[in-house]
Amino acid sequence: MKFTETDVPGLIVFEPTPHRDERGYFTRTQDVSVLREAGIDGTAFVQDNQSRSYQGVVRGMHGRGGGGEAKLVRCAHGAVLDVVVDARADSPTFGAVRSFVLDDQLHRQLYIPRGFLHGYQAITSVTDVCYRMDAFYEPDEDITVAWNDPDLAIEWPAPVTIVSARDTAGSSWASYRESVGRG
Ligand SMILES: Cc1cn([C@H]2C[C@H](O)[C@@H](COP(=O)(O)OP(=O)(O)O[C@H]3O[C@@H](C)C(=O)[C@@H](O)[C@H]3O)O2)c(=O)[nH]c1=O
(Lines give C-alpha, C1' and ligand atoms only; values in the text may rest on other atoms or scores of the structure.)
Protein backbone atom coordinates (compact mmCIF):
# COMPACT_ATOMS: atom_id res chain seq x y z
CA MET A 1 0.00 0.00 0.00
CA LYS A 2 1.32 3.44 -0.87
CA PHE A 3 0.08 6.90 -0.05
CA THR A 4 0.07 10.30 -1.70
CA GLU A 5 -0.30 13.63 0.04
CA THR A 6 -2.66 16.05 -1.65
CA ASP A 7 -2.33 19.83 -1.94
CA VAL A 8 -4.59 20.15 1.13
CA PRO A 9 -2.50 19.59 4.28
CA GLY A 10 -3.41 16.34 6.03
CA LEU A 11 -5.68 15.05 3.27
CA ILE A 12 -4.07 11.81 2.07
CA VAL A 13 -4.91 9.22 -0.58
CA PHE A 14 -3.96 5.58 0.08
CA GLU A 15 -3.56 3.10 -2.77
CA PRO A 16 -3.44 -0.59 -1.94
CA THR A 17 -2.20 -3.27 -4.30
CA PRO A 18 -5.09 -5.64 -5.02
CA HIS A 19 -4.06 -9.21 -5.89
CA ARG A 20 -6.35 -10.53 -8.60
CA ASP A 21 -6.78 -14.10 -9.75
CA GLU A 22 -9.49 -16.30 -11.19
CA ARG A 23 -11.30 -16.36 -7.84
CA GLY A 24 -11.61 -12.59 -7.57
CA TYR A 25 -9.23 -10.40 -5.60
CA PHE A 26 -7.54 -9.88 -2.28
CA THR A 27 -6.72 -6.43 -1.02
CA ARG A 28 -5.53 -5.02 2.25
CA THR A 29 -7.91 -2.40 3.61
CA GLN A 30 -5.81 -1.08 6.48
CA ASP A 31 -2.14 -1.26 7.31
CA VAL A 32 -1.20 0.48 10.54
CA SER A 33 2.48 0.66 9.57
CA VAL A 34 1.71 2.49 6.31
CA LEU A 35 -0.67 4.80 8.14
CA ARG A 36 2.10 5.51 10.64
CA GLU A 37 4.48 6.43 7.79
CA ALA A 38 1.83 8.93 6.69
CA GLY A 39 1.67 10.37 10.21
CA ILE A 40 -1.66 8.75 11.13
CA ASP A 41 -2.28 6.62 14.20
CA GLY A 42 -4.26 3.72 12.74
CA THR A 43 -4.92 2.34 16.22
CA ALA A 44 -6.98 5.45 17.02
CA PHE A 45 -9.95 4.32 14.93
CA VAL A 46 -12.76 3.34 17.28
CA GLN A 47 -15.68 2.82 14.92
CA ASP A 48 -15.96 1.20 11.48
CA ASN A 49 -19.09 1.96 9.44
CA GLN A 50 -20.65 0.71 6.24
CA SER A 51 -23.51 2.35 4.40
CA ARG A 52 -25.29 1.34 1.22
CA SER A 53 -26.56 3.94 -1.23
CA TYR A 54 -28.41 3.61 -4.49
CA GLN A 55 -27.41 5.43 -7.65
CA GLY A 56 -27.64 9.20 -7.40
CA VAL A 57 -27.98 9.33 -3.60
CA VAL A 58 -26.03 12.18 -2.05
CA ARG A 59 -24.97 12.13 1.62
CA GLY A 60 -23.40 15.25 3.07
CA MET A 61 -21.88 17.62 3.66
CA HIS A 62 -21.16 16.42 7.18
CA GLY A 63 -18.77 17.71 9.79
CA ARG A 64 -18.45 17.52 13.51
CA GLY A 65 -18.13 20.24 16.13
CA GLY A 66 -16.07 19.90 19.29
CA GLY A 67 -12.81 18.11 18.55
CA GLY A 68 -14.07 16.85 15.18
CA GLU A 69 -13.47 13.36 13.82
CA ALA A 70 -11.03 11.94 11.29
CA LYS A 71 -12.15 9.33 8.77
CA LEU A 72 -10.57 6.77 6.49
CA VAL A 73 -13.04 6.22 3.66
CA ARG A 74 -13.25 3.56 0.96
CA CYS A 75 -15.83 2.16 -1.41
CA ALA A 76 -16.24 -1.59 -0.94
CA HIS A 77 -18.76 -2.09 -3.76
CA GLY A 78 -19.45 0.15 -6.75
CA ALA A 79 -18.16 3.70 -6.98
CA VAL A 80 -18.67 7.09 -5.40
CA LEU A 81 -17.52 10.59 -5.96
CA ASP A 82 -16.22 11.46 -2.51
CA VAL A 83 -16.09 15.18 -1.75
CA VAL A 84 -14.42 17.06 1.08
CA VAL A 85 -14.29 20.69 2.13
CA ASP A 86 -11.46 22.01 4.27
CA ALA A 87 -13.49 23.60 7.08
CA ARG A 88 -10.57 24.14 9.48
CA ALA A 89 -10.76 27.82 10.37
CA ASP A 90 -6.97 28.11 10.71
CA SER A 91 -6.10 26.21 7.55
CA PRO A 92 -4.24 27.87 4.67
CA THR A 93 -6.57 25.93 2.37
CA PHE A 94 -9.79 26.83 4.25
CA GLY A 95 -12.75 26.42 1.89
CA ALA A 96 -10.92 24.18 -0.58
CA VAL A 97 -13.26 21.63 -2.19
CA ARG A 98 -11.68 18.40 -3.44
CA SER A 99 -13.26 15.35 -5.10
CA PHE A 100 -12.00 11.80 -5.48
CA VAL A 101 -13.47 8.77 -7.19
CA LEU A 102 -13.37 5.83 -4.78
CA ASP A 103 -14.34 2.46 -6.20
CA ASP A 104 -14.05 -1.30 -5.96
CA GLN A 105 -11.50 -1.44 -8.80
CA LEU A 106 -8.54 0.63 -7.58
CA HIS A 107 -9.67 0.44 -3.93
CA ARG A 108 -8.25 3.86 -3.16
CA GLN A 109 -8.94 5.21 0.31
CA LEU A 110 -9.14 8.79 1.47
CA TYR A 111 -7.93 9.93 4.86
CA ILE A 112 -9.89 12.98 5.95
CA PRO A 113 -8.44 14.77 8.98
CA ARG A 114 -10.51 16.34 11.72
CA GLY A 115 -12.20 19.60 10.79
CA PHE A 116 -13.40 18.77 7.26
CA LEU A 117 -16.87 18.49 5.76
CA HIS A 118 -17.44 15.20 3.98
CA GLY A 119 -20.01 13.86 1.55
CA TYR A 120 -20.39 11.62 -1.46
CA GLN A 121 -22.60 10.62 -4.32
CA ALA A 122 -23.24 7.01 -5.32
CA ILE A 123 -22.53 6.64 -9.02
CA THR A 124 -23.31 2.93 -9.33
CA SER A 125 -26.62 1.16 -8.79
CA VAL A 126 -25.62 -0.40 -5.46
CA THR A 127 -22.80 1.33 -3.65
CA ASP A 128 -21.26 0.36 -0.32
CA VAL A 129 -19.04 2.87 1.46
CA CYS A 130 -16.98 1.92 4.51
CA TYR A 131 -15.24 4.36 6.81
CA ARG A 132 -13.34 4.19 10.04
CA MET A 133 -13.67 7.06 12.49
CA ASP A 134 -11.37 8.09 15.32
CA ALA A 135 -14.26 9.19 17.57
CA PHE A 136 -17.52 7.53 18.52
CA TYR A 137 -20.71 8.75 16.87
CA GLU A 138 -22.07 11.79 18.66
CA PRO A 139 -25.14 13.22 16.87
CA ASP A 140 -25.24 16.28 19.16
CA GLU A 141 -22.02 17.43 17.47
CA ASP A 142 -23.29 16.98 13.90
CA ILE A 143 -22.66 19.84 11.48
CA THR A 144 -24.54 19.75 8.18
CA VAL A 145 -23.81 22.14 5.34
CA ALA A 146 -26.04 21.97 2.29
CA TRP A 147 -24.79 19.57 -0.41
CA ASN A 148 -26.04 22.07 -3.02
CA ASP A 149 -24.72 25.24 -1.38
CA PRO A 150 -24.12 27.78 -4.17
CA ASP A 151 -20.84 29.03 -2.70
CA LEU A 152 -19.38 25.54 -2.45
CA ALA A 153 -20.76 24.77 -5.94
CA ILE A 154 -19.91 21.08 -5.73
CA GLU A 155 -20.18 19.39 -9.11
CA TRP A 156 -22.08 16.18 -8.45
CA PRO A 157 -21.51 13.85 -11.41
CA ALA A 158 -25.01 12.34 -11.72
CA PRO A 159 -28.61 13.45 -11.28
CA VAL A 160 -29.32 13.61 -7.54
CA THR A 161 -32.01 11.06 -6.60
CA ILE A 162 -32.43 10.88 -2.79
CA VAL A 163 -31.20 13.17 -0.01
CA SER A 164 -32.04 12.69 3.69
CA ALA A 165 -34.21 15.14 5.64
CA ARG A 166 -31.11 16.11 7.63
CA ASP A 167 -29.20 16.95 4.47
CA THR A 168 -32.12 18.75 2.83
CA ALA A 169 -32.14 21.07 5.86
CA GLY A 170 -28.38 21.68 5.76
CA SER A 171 -27.18 25.18 6.60
CA SER A 172 -25.25 27.45 4.27
CA TRP A 173 -21.50 27.56 3.88
CA ALA A 174 -21.72 31.30 4.58
CA SER A 175 -23.27 30.68 8.01
CA TYR A 176 -20.66 28.01 8.77
CA ARG A 177 -17.90 30.50 7.86
CA GLU A 178 -19.39 33.07 10.18
CA SER A 179 -19.66 30.53 13.00
CA VAL A 180 -15.90 29.90 12.84
CA GLY A 181 -14.90 33.54 12.39
CA ARG A 182 -14.15 33.28 8.64
CA GLY A 183 -17.25 35.11 7.41
C1 LIG B 1 -23.06 8.05 11.15
C2 LIG B 1 -23.89 7.20 12.14
C3 LIG B 1 -25.25 7.11 12.01
N4 LIG B 1 -25.96 6.37 12.89
C5 LIG B 1 -27.44 6.27 12.72
C6 LIG B 1 -28.18 7.57 12.86
C7 LIG B 1 -29.35 7.42 11.92
O8 LIG B 1 -30.41 6.75 12.57
C9 LIG B 1 -28.83 6.50 10.83
C10 LIG B 1 -28.43 7.24 9.56
O11 LIG B 1 -27.60 8.34 9.96
P12 LIG B 1 -27.28 9.52 8.92
O13 LIG B 1 -28.48 9.82 8.12
O14 LIG B 1 -26.64 10.65 9.70
O15 LIG B 1 -26.19 8.80 8.00
P16 LIG B 1 -25.31 9.41 6.85
O17 LIG B 1 -26.06 10.49 6.15
O18 LIG B 1 -24.79 8.30 6.05
O19 LIG B 1 -24.13 10.10 7.66
C20 LIG B 1 -22.79 9.89 7.29
O21 LIG B 1 -22.55 10.65 6.11
C22 LIG B 1 -21.20 10.62 5.65
C23 LIG B 1 -21.10 11.54 4.46
C24 LIG B 1 -20.22 10.89 6.72
O25 LIG B 1 -19.21 11.57 6.53
C26 LIG B 1 -20.46 10.22 8.01
O27 LIG B 1 -19.61 10.71 9.03
C28 LIG B 1 -21.89 10.34 8.44
O29 LIG B 1 -22.16 11.71 8.79
O30 LIG B 1 -27.70 5.82 11.39
C31 LIG B 1 -25.36 5.70 13.91
O32 LIG B 1 -26.02 5.02 14.74
N33 LIG B 1 -23.99 5.77 14.05
C34 LIG B 1 -23.23 6.50 13.19
O35 LIG B 1 -21.97 6.53 13.32
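Residues numbered from 1 in each chain as written. Predicted model: local features only at pLDDT ≥ 70, side-chain atom pairs only at ≥ 80, totals over all residues.

Per an unreviewed UniProt entry, the protein chain goes by dTDP-4-dehydrorhamnose 3,5-epimerase and derives from Gryllotalpicola reticulitermitis. You can read under Pathway (unreviewed entry) in the UniProt record for the protein chain the words "Carbohydrate biosynthesis; dTDP-L-rhamnose biosynthesis." In the Subunit (unreviewed entry) part of its UniProt record, the protein chain is described as follows: "Homodimer." (UniProt positions renumbered as here; feature names shortened; annotations may be inferred.)

Taken in spatial order, the 5 strands of this open sheet run β9-β8-β11-β6-β13, and their pairing is antiparallel. Every interior strand has two partners, whereas the edge strands, β9 (97-103) and β13 (142-144), have only one. Pairwise comparison of adjacent strand axes, ignoring direction, gives a mean angle of 25° for this sheet. (Pairing = 2+ DSSP bridges. Helix = DSSP H or I, 4+ residues; strand = E, 2+ residues; numbered from the N terminus. Axes fitted to C-alpha atoms, helices over the stretch in contact; angles between N-to-C directions.)

In the neighbourhood of the ligand, the contacting residues comprise Asn49, Ser51, Arg59, Gly60, His62, His118, Gly119, Tyr120, Tyr137, Ser164 and Arg166. Mapped onto the shell around the ligand, the elements with two or more residues apiece are β5 (47-54), β6 (58-64) and β11 (116-122). For the shell around the ligand, the class distribution of residues is 2 nonpolar, 7 polar and 2 charged. (Near = placed C-beta within 6 Å. Nonpolar A, V, L, I, M, F, W, Y, C, P; charged D, E, K, R; others polar.)

Further remarks concern the nonpolar core. Counting 35 residues, the largest nonpolar core has Val73, Val80, Val85, Tyr111, Ile112 and Leu117 as the members making the most contacts within it. The biggest single contributor to this core is strand β8 (residues 79-86), with 6 residues. Those residues in contact with Val73 that sit more than four places away from it in its chain are Asp82, Leu102, Gln109, Leu110, Ile112, Val129 and Tyr131. (Core = buried A, V, L, I, M, F, W, Y, C linked by C-beta atoms within 7 Å. Buried ≥ 20, exposed ≤ 12 C-beta atoms within 10 Å, placed from the backbone. Contact = placed C-beta atoms within 7 Å.)

On to the environment of Gly183. Relative to the helices and strands, Gly183 resides in the segment after α3 (173-179). Classification of Gly183 by C-beta neighbours within 10 Å gives exposed; the count is 9. When the C-alpha atoms of Gly183 and Trp173 are compared, they prove to be 9.4 Å apart, with 10 residues separating the residues in sequence. Excluding residues that lie within four positions of it along the chain, Gly183 makes contacts with Arg177 and Glu178.

The next thing to look at is the sheet that holds strand β12 (residues 126-133). With antiparallel pairing, 6 strands are arranged side by side in an open sheet as β1-β2-β10-β7-β12-β5. Each edge of the sheet is formed by a strand with only one pairing partner; in this case those strands are β1 (2-5) and β5. Adjacent strand axes in the sheet meet at a mean angle of 25°, parallel and antiparallel pairs treated alike.

Among the 7 residues of β6, 7 are classified as buried, and the element is accordingly described as predominantly covered. Two strands pair when backbone bridges link them, and β6 and β13 are joined in this way by 3 bridges, in the antiparallel orientation. Across the sheet, Arg64 pairs through a bridge with Asp142, a residue of β13.

In this chain, Gly60 is followed by Met61 through a cis amide linkage whose omega measures 0°. Mapping Met61 onto the fold places it in strand β6. Residue Ala153 is not a glycine yet carries a positive backbone phi of 50°. Relative to the helices and strands, Ala153 resides in the loop between β13 and α2 (165-168).

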